[in-house]
Amino acid sequence: MPNRLDLPAGFRWGVSTAAYQIEGAVDEDGRGPSIWDVFAARPGTVRDGDTGAVTCDHYHRWPEDVALMQDLGIDTYRLSVAWPRIQPHGTGPANPAGLAFYDRLVDALLAAGITPLPTLFHWDLPQALEDDGGWLNRDTAYRFAEYTAAVADRLGDRVPAWITLNEPFVHMVYGYALGIHAPGRTLMLDALPAAHHQLLGHGLAAAVLRERGLDVMIANNLTPVRPATDDPADAAAATAYDALHNRLFTDSILLGRYPDLSAYGMTEDLGGCVRPGDLALIAGPGLDALGVNYYNPTRIAAPTEPGLPFTEAEIEDVPRTAFGWPVVPDGLRELLVGLRDRYGATLPPITITENGCSVADEVHPDGTVPDPDRITYLAGHLDALAAAAAEGVDVRGYCTWSLLDNYEWAEGFSQRFGLVHVDFATQKRTPKASYGWYRDLIATHRSQIPR
Ligand code: BGC
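Predicted model, so just to flag it, every value in this text is computed and none were measured.

**Q** Got a minute to help me understand the site of the ligand in this structure?
**A** As a matter of local geometry, the ligand sits amid Q21, H122, W123, N166, E167, Y295, W325, E354, W401, E408, W409 and F417. Side-chain polar atom of H122 to an oxygen atom of the ligand: 2.9 Å apart, as the coordinates give it. More than half of the atoms of the ligand fall within 2 Å of the grid points belonging to the largest pocket. Taken together, the residues of the shell around the ligand break down into six nonpolar, three polar and three charged.

Dropping the structure here:
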C-alpha cells in the first residue's frame, strides 16, 4: 500500500485560511462592510452571536503567522483576498490601503520561501453588491472580473497562480438556498442563479487572469456520493444529488455544459438565467489545476417526502469529528479516482485546497496541545491521496484546513480546525502536536524525494 511518503516528487505542501475567518480589523483602512458583517450582526444567525470583527487579528499579527508558516516548512499558503478591502462598495477604484496589506503579506511570504495561492472570493461579498441582489444578479459576475483585474495588476508580478472562487456549491446552498450562511436567503431551488452567476464570474475572472499570463484554479467542495442501498430509487437519488453538488461545478468548467437537473424540474438554462455563450465563457480554455476541498463522502437515499429528489442518510460505523462529520479517508481516493474516470484527459492536475477536521482542542497545563485525532485524520487522508496518485491521478499538492483555529462561520468559535491553537481572548498562538507532526512529515518527504 502506498503511503504519504510516496507522494510524487515536486509535491507541494501547504495550509489554507480565508480572510473573514482570520483577519478581523473589519473597520480599518477603508474596508467596507461585507455580507458576513451584516449577517453575523443579526441575532440568532451565528452560535453565541460570534462575529469576525477580531477573530485571529491576523490583519495585525500576520508577521507572527508568516513566521509560524516558515517554521512549518510549507511551500504554499492558500489565503483569500477580502473583496471589501479592495473595493469597499464592490465597484470603482481600488482602495490603496487594502491592496497595500496584501502586497506586504505577499512580499513577506516570498521572503519566507512560501508561494502565496490567493482565492479571490471566499464568501465575503461587499454588502453593497448584496443590496443589488448579490450573486442572484448577473452584474455581480462582471464586478468580480473588475475586482480581479485590480488585484492581479498589483500582485500578479509575484503571484503565479490564482483561485477564483471558494466552494460555489456551499455558498449557493448555505447562503442562498437554506439561509445558514450570509446573505441568509432561503430560496431553495430558486438559488440556482447564484451558482450560475458565480460560475460566470469564474469564467470572466479566469479570462482576466489568463490575459496577464497567470494560472487559473477554482476550489470546489466535492464529495463522493454513495447510494444508501442498491435499490434503484436510491441510485437515482444519488445521481440527482451528484449532479447538484459536484457536476454542476465540474461539468460546466471542464466540459462546457450543465448536467441533467431534470430531477429538480430544471431546464438546461437553469430556469432562464443561462444566456447563449455563457458556458463557453465558464469553461474557457480549461483550468491549470482543479482545487478540491474534501471533508467527507455523502450517503444518499430516495426522498421520503415531496420536494427535493433525494434525502441524506447517515454514514454508519465511522469515527466523527467534533463537528459530527464522518471520517472516511478512503473517500478522498474514491473521489479523485472517480473524477479521473469521469473526465479522463480533460481532468487537469489536482491540488487538495482544503482537508482537515475540528477537534475540541485545549492547551494542557504543560503548554502542549495534544491532538492525536487530527494527526490520525491527516495521516489517513494523505495516505488516501498517495493511493490515488498510485492509481494514476495527477496530484500536485495539499493544503490542510487550517493554519489557525478561526471563525467557523455559523458555528462561530466553537469548532477548532487549526494546526495552531488560538486563545481568542489573548490572541496567543500555540502550535498543536499536529503542527509538529506535519512539519516533520514535510521535512521527511522532502529529504527522501529529490525536488
Ligand atoms: C470552507 C471553510 C470552512 C471549512 C470547514 C469549507 O467549507 O471553505 O471556510 O471553514 O470548510 O467547515
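**Q** Is there a simple way to explain the sheet that holds strand β4 (residues 161-166) in this structure?
**A** Two orientations exist for strands paired in a sheet by backbone hydrogen bonds: parallel and antiparallel. Spatially, the eight strands close up into a barrel ordered β1-β2-β3-β4-β5-β7-β10-β11, and their pairing is parallel. Within the sheet, the average angular offset between the axes of one strand and its neighbour, ignoring direction, is 25°. As paired elements, strand β10 (residues 350-354) and strand β11 (residues 395-401) share three bridges and run parallel to each other. Bridging from a neighbouring strand, I352 pairs with Y398 of β11.

**Q** So what exactly am I meant to see when it comes to the layout of surface pockets here?
**A** By rolling a water-sized probe across the atoms, one finds the places where empty space is left. In this model, the largest pocket occupies a volume close to 1,200 Å³. F169, V170, Y174, Y241 and H245 are the residues nearest the centre of the largest pocket, which is lined by 47 residues in total. Contributing elements (two or more residues each) for the lining of the largest pocket: α8 (168-177), α10 (232-255), β8 (298-301) and β9 (311-313). It is α8 that contributes the most residues to the lining of the largest pocket, six residues altogether. Split by residue class, the lining of the largest pocket holds 29 nonpolar, 10 polar and eight charged. Looking at the lining of the second largest pocket, the elements with two or more residues in it are β3 (115-121), β5 (215-221) and β11.

**Q** Teacher, can you tell me more about the nonpolar core here?
**A** Generally speaking, nonpolar side chains in soluble globular proteins are found buried as a group. Of all hydrophobic cores here, the largest spans 136 residues; its most connected members are L336 and Y438. The element that contributes the greatest number of residues to this core is α10, accounting for 10 residues. If sequence neighbours within four positions are ignored, Y438 has contacts with W13, G14, V15, L72, I74, L382, Y398, T400 and L419.

**Q** I would appreciate a short explanation of the pattern of salt bridges in the present structure.
**A** Between side chains of opposite charge, a pair can form as their charged atoms come close. Evaluated as defined, the whole model comprises 32 salt bridges. With a closest N to O distance of 2.8 Å, E146 and R143 form a salt bridge. Residue E146 and its partner R143 are located together in helix α7 (residues 139-155), separated by three residues, close to a single helical turn. Since its relative accessible area comes to 16%, R143 is described here as buried. Put simply, R158 and D157 hold a salt bridge, and the shortest N to O gap is 3.0 Å. Its relative accessible area of 61% is what places D157 among the exposed residues.

Rules used throughout
Throughout this document, residue positions are counted from 1 along each chain, in the order its sequence is written. With pLDDT at 70 or above as the cut-off, local features in this predicted model cover only qualifying residues; side-chain atom pairs require 80 or more to be listed or tallied, and sums for whole chains, interfaces and linings still use all residues. Note that the side-chain values use all heavy atoms of the structure and ignore hydrogens as well as water. For each residue, the test is whether any non-hydrogen atom lies within 4 Å of the molecule or strand; if one does, the residue is near. Definition of a polar contact: a pair of N or O atoms within 3.5 Å, with one able to donate and the other able to accept a hydrogen when the atoms are protein atoms, and with sequence-neighbouring residues admitted only if both atoms are side-chain atoms. A cavity here means a set of points on a 1 Å grid, drawn over the protein atoms and nothing else, where a 1.4 Å probe fits but cannot get out; a pocket is an open set with protein on both sides within 12 Å along at least five of seven lines, and a residue lines either one if it has an atom within 4 Å of a point. More than half of a molecule's atoms lying within 2 Å of a cavity's or pocket's grid points is what places that molecule inside it. Residues are grouped as follows: Ala, Val, Leu, Ile, Met, Phe, Trp, Tyr, Cys and Pro are nonpolar; Asp, Glu, Lys and Arg are charged; every other residue, Gly included, is polar. For two strands to pair, DSSP has to find at least two bridges joining them. What counts as a helix is a DSSP run of H or I of at least four residues, what counts as a strand is a run of E of at least two, and both are numbered from the N terminus. To obtain each axis, a line is fitted to C-alpha atoms, and for helices this fit is confined to the stretch in contact; angles are then taken between N-to-C directions over 0 to 180 degrees. Grid points are joined across faces, edges and corners, and a volume is the space filled by probe spheres set on the points. Buried Ala, Val, Leu, Ile, Met, Phe, Trp, Tyr and Cys residues that are joined via side-chain atoms within 4.5 Å together make up what is termed a nonpolar core. Exposed residues in this analysis have more than 50% of their type's maximum accessible area, buried residues have under 20%, and partly exposed residues fall in between, with area computed by a 1.4 Å probe over protein chains only. Residues count as neighbours in contact if any of their non-hydrogen atoms are within 4.5 Å of one another. Note on definitions: salt bridges are taken to be side-chain nitrogens of Lys or Arg within 4 Å of carboxyl oxygens of Asp or Glu.

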